[in-house]
Amino acid sequence: MHSFRFSAEPLPPEAEAARASVRAFLDAERADGHFVPHRTSWTTFDAAFSRRAGAAGFIGLTLPEAYGGHARSGLVRFVVTEEMLAAGAPCGAHWIADRQSGPQILRHGTEAAKRAILPRICSGECAFGIGMSEPNSGSDLAAVRTRAVRDGDGWVINGSKIWTTNAHQVDYLLALVRTGEPGPDRHGGLTQFIVDMAAPGVTVRPILDLSGHHEFNEVFFTDHRVPDAMRVGAEGAGWGLVTEELAFERSGPDRFLSDYRLLVELVDRIGPEPDRFQAVETGRMVAQLTALLGMSASVARLLDRGIVPSVAAALVKDVGNGFERAVPEIARRLVPVEPSLAAQGDAFREALGGVTLRAPSFTLRGGTREVLRGVIARGLGLR
């Protein structure tokens, strides 16, 4: 049986220095009235905030200076990320680009794509979406049917994607499409492309969630043309690339801090004198959160070393999703009030209402728990 472990090394001094810097930036943003804490930090789209964060040097931290980045470590970016989430900053306009699309283009994109796109990501002026999931395929990316056919010096794409976060607002999608036959392992014939959402042949239709919020979308491609310079990686290498990309997507603190604001409001609501049950339950949640932060930081160290920790990232997301799903249920037991989306003046009830509606999706986005546990089992040599 194979095994792996998460390191428990302390954060380096430059990471802690970055923590003080980003906290000062966020304090100034709040003092200037630019934002109030959001309950959905990393999906709240605010292009103006992202531009200010880019100008302050908090986007593209791990990208090279030659492309507008700051050549810092993944641990520095990890600290900035957790501070943004804890503050409830509206990071949605730069989140996906900074988290995964930028690093993916840096590693596998053409020089033309790097020069055209990476500096704009670093300045907070370029938003990306994830073009993976499709109707009738769920989390089975090997079943992707959207197809790209070579046409001269480019490709023509036809098909559709679904559950695409902020597709109605982003500049590009990093889309996984079929360019050849799947082969015996079903993983062949897939290629990634950078899709310009403003180009002809792209249609976006909204999917409203239970609260009526427009975050998800369905995207249709009709004879959409993509230059070969916007291909990411070699033709047919998409499966390996998307697996690598998912390590960035699945291991970060956004996978267990989605309802952090509810935890804060819960502690405030209970106050400084909790009863025994409240003390035990909140203590357990804080301990779990501390462990998850350590696991996520450990994955950031591996990414810094050029290692693709697919199994460790899947484990962080699986355990983190379990934590996220538990927080609203525990909160309802500790403070028996009715959740609400419009309890003006009652921040706890509003936070509880919003998280209760969103919580079922936590174990779906970025790969279902069933898929993640399959990845973990293979990594441990159990299947």
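It should be noted that the structure appears before, not after, this text.
The structure reproduced in this document is the subject of the present report.

Rules used throughout
Residues numbered from 1 in each chain as written. Predicted model: local features only at pLDDT ≥ 70, side-chain atom pairs only at ≥ 80, totals over all residues. Heavy atoms only, no water. Helix = DSSP H or I, 4+ residues; strand = E, 2+ residues; numbered from the N terminus. Rg over C-alpha atoms; globule rule 2.2 N^0.38 Å. Buried < 20%, exposed > 50% of the residue type's maximum accessible area, 1.4 Å probe, protein only. Contact = heavy atoms within 4.5 Å. Lys, Arg positive; Asp, Glu negative; His and termini not counted. Charge placed at Lys NZ, Arg CZ, Asp CG, Glu CD. Pairing = 2+ DSSP bridges. Core = buried A, V, L, I, M, F, W, Y, C linked by side-chain atoms within 4.5 Å. Salt bridge = Lys/Arg side-chain N within 4 Å of Asp/Glu carboxyl O. Expected span 1.5 Å × (residues − 1). Bend = angle between axes of the 7 residues up to and from the residue. Polar contact = N/O pair within 3.5 Å; in protein donor to acceptor, adjacent residues only side chain to side chain. Phe/Tyr/Trp six-rings, centres within 6.5 Å; stacked < 30°, edge-to-face > 60°. Lys NZ or Arg CZ within 6 Å of the ring centre and 35° of its normal. Patch = residues over 30% accessible without salt bridge, like charges linked within 9 Å, V, L, I, M, F, W, Y side chains within 5 Å. Areas by Shrake-Rupley, 256 points an atom, 1.4 Å probe, with all protein chains shown as cover. 1 Å grid on protein atoms, 1.4 Å probe; cavity = no way out; pocket = protein on both sides within 12 Å on 5 of 7 lines; lining within 4 Å. Points joined across faces, edges and corners; volume = space filled by probe spheres on them. Nonpolar A, V, L, I, M, F, W, Y, C, P; charged D, E, K, R; others polar. Axes fitted to C-alpha atoms, helices over the stretch in contact; angles between N-to-C directions. Parallel < 35°, antiparallel > 145°, perpendicular 65-115°, else oblique. Left-handed = near helix turned anticlockwise from the far one by under 90°. Disulfide = S-S within 2.5 Å.

### Let's talk about the overall build of the chain
Okay, so step 1: Looking only at helices and strands, the chain has 11 helices and 8 strands in total.
Okay, so step 2: In terms of C-alpha radius of gyration, the chain reaches 21 Å, essentially the compact-globule figure of 21 Å for 383 residues.
Okay, so step 3: With the C-alpha coordinates aligned to their principal axes, the bounding extent of the chain is approximately 70 × 50 × 45 Å.
Okay, so step 4: In the chain, buried positions account for 53% of the 383 residues.
Okay, so step 5: In the chain, of all internal contacts separated by at least 6 residues, the share reaching a separation of at least 24 is 74%.
Okay, so step 6: Positive and negative side-chain charges of the chain, numbering 42 and 45 respectively, have mean locations separated by a distance of 4 Å.

### Points about the pairing of strand β4 (residues 172–178)
Okay, so step 1: The buried fraction of β4 amounts to 7 of the 7 residues, a majority that puts the element mostly inside the structure.
Okay, so step 2: Burial along β4 is two-sided: the face carrying Y172, L174, L176 and R178 and the face carrying L173, A175 and V177 are both buried.
Okay, so step 3: As defined by bridge partners, strand β1 (residues 128–131) adjoins β4 across 4 bridges and the pair is classed as parallel. Its bridge partner being in β4, G129 is matched across the sheet by L173.
Okay, so step 4: Strand direction decides the pairing type here: β4 and strand β5 (residues 190–196), joined by 7 bridges, are antiparallel. Within β5, the position partnered with R178 by the bridge is L190.

### Overview of the nonpolar core
Okay, so step 1: M84, F128 and I194 are the most contacted members of the largest nonpolar core, which has 94 residues in total.
Okay, so step 2: If sequence neighbours within four positions are ignored, M84 has contacts with V22, F25, L26, S41, F49, A53, F58, A89 and C91.
Okay, so step 3: Core analysis: the next-biggest nonpolar cluster, separate from the first, contains 5 residues, A314, L372, V375 and I376 among them.

### Some words on the pattern of salt bridges
Okay, so step 1: Counted under the stated rule, the structure contains 23 salt bridges.
Okay, so step 2: The shortest N-O distance in the salt bridge between E83 and R23 comes to 3.0 Å. With a gap of 60 residues between them, E83 in helix α3 (residues 74–87) and R23 in helix α1 (residues 13–31) connect regions that are remote in the sequence.
Okay, so step 3: In this structure E83 comes out as buried when scored by relative accessible area, which is 9%.

### Focus on helix α4 (residues 95–108)
Okay, so step 1: Its 14 residues give α4 an end-to-end C-alpha distance of 20 Å, which sits within 8% of 20 Å, the value for a rise of 1.5 Å per residue.
Okay, so step 2: Helix geometry: α4 is bent most strongly at S101, by close to 40°, with proline P103 lying one to four residues after it.
Okay, so step 3: Counting buried positions over the 14 residues of α4 gives 11, a clear majority of the element.
Okay, so step 4: By the burial criterion, the buried members of α4 are W95, I96, A97, D98, R99, Q100, S101, G102, P103, Q104 and I105.

### Some thoughts on helix α8 (residues 276–304)
Okay, so step 1: A rise of 1.5 Å per residue sets the reference length of α8, with its 29 residues, at 42 Å; its end C-alpha atoms lie 42 Å apart and thus fit the reference within 8%.
Okay, so step 2: Here α8 starts with a cap whose side-chain oxygen sits 3.1 Å from the backbone nitrogen of F277, and that cap is D275.
Okay, so step 3: Just downstream of α8, G306 is the residue with a positive phi angle, here 80°.

### Description of the packing of aromatic side chains
Okay, so step 1: Applying the stated criterion to the full structure yields 6 aromatic pairs.
Okay, so step 2: Centroid distance F128 to Y172: 5.3 Å. Interplanar angle 25°. Geometry classified as stacked. With F128 in strand β1 and Y172 in strand β4, the pair connects residues that are 44 residues apart, well separated along the chain. Comparing F128 with Y172, the two get one shared label, buried.
Okay, so step 3: Three or more aromatic residues link up through ring pairs in this structure, and these residues are F25, F35, F49 and F58.
Okay, so step 4: Over the aromatic face of F220 sits the side chain of R205, whose NZ or CZ is 4.6 Å from the ring centroid.

### Describing a nonpolar patch on the surface
Okay, so step 1: Side chains of L210, L341 and L357 sit close together on the surface and give an oily, nonpolar patch of about 310 Å² of accessible area.
Okay, so step 2: Looking at the element boundaries, L341 is found in the loop between α9 (310–334) and α10 (347–358).
Okay, so step 3: When its relative accessible area of 46% is taken as the criterion, L341 is described as partly exposed.

### Concerning the layout of surface pockets
Okay, so step 1: The space that makes up the second largest pocket amounts to roughly 420 Å³.
Okay, so step 2: Considering the residues around the second largest pocket, the lining is formed by 23 residues, among which T62, G74, R77, F248 and L303 are closest to the centre.
Okay, so step 3: At the level of elements, α3, α4, α6 (238–251) and α8 are the ones that each hand at least two residues to the lining of the second largest pocket.
Okay, so step 4: Element by element, the count of residues in the lining of the second largest pocket is highest for α4, at 6 residues.
Okay, so step 5: For the lining of the second largest pocket, the class distribution of residues is 10 nonpolar, 6 polar and 7 charged.

### Remarks on the packing of α4 against helix α5 (residues 111–122)
Okay, so step 1: Two numbers describe how α4 lies on α5: the axes approach to 10 Å, and their chain directions differ by 160°. The angle between α4 and α5 places the two elements in the roughly antiparallel class. Read as a crossing pair, α4 and α5 show a hand that is left-handed. Of the residues in α5, those touching α4 at A97, D98, G102, I105 and L106 are A113, K114, I117, L118 and I121.
Okay, so step 2: The class makeup of the residues in the contact of α4 with α5 is 7 nonpolar, 1 polar and 2 charged.

### Considerations on the state of the cysteines
Okay, so step 1: This structure, assessed with the given rule, holds 0 disulfides.
Okay, so step 2: The thiol sulfur of C122 is not disulfide-bonded, and the nearest other cysteine sulfur, from C126, lies at 10 Å.
Okay, so step 3: Accessibility expressed as a relative area gives 2% for C122, which makes it buried.

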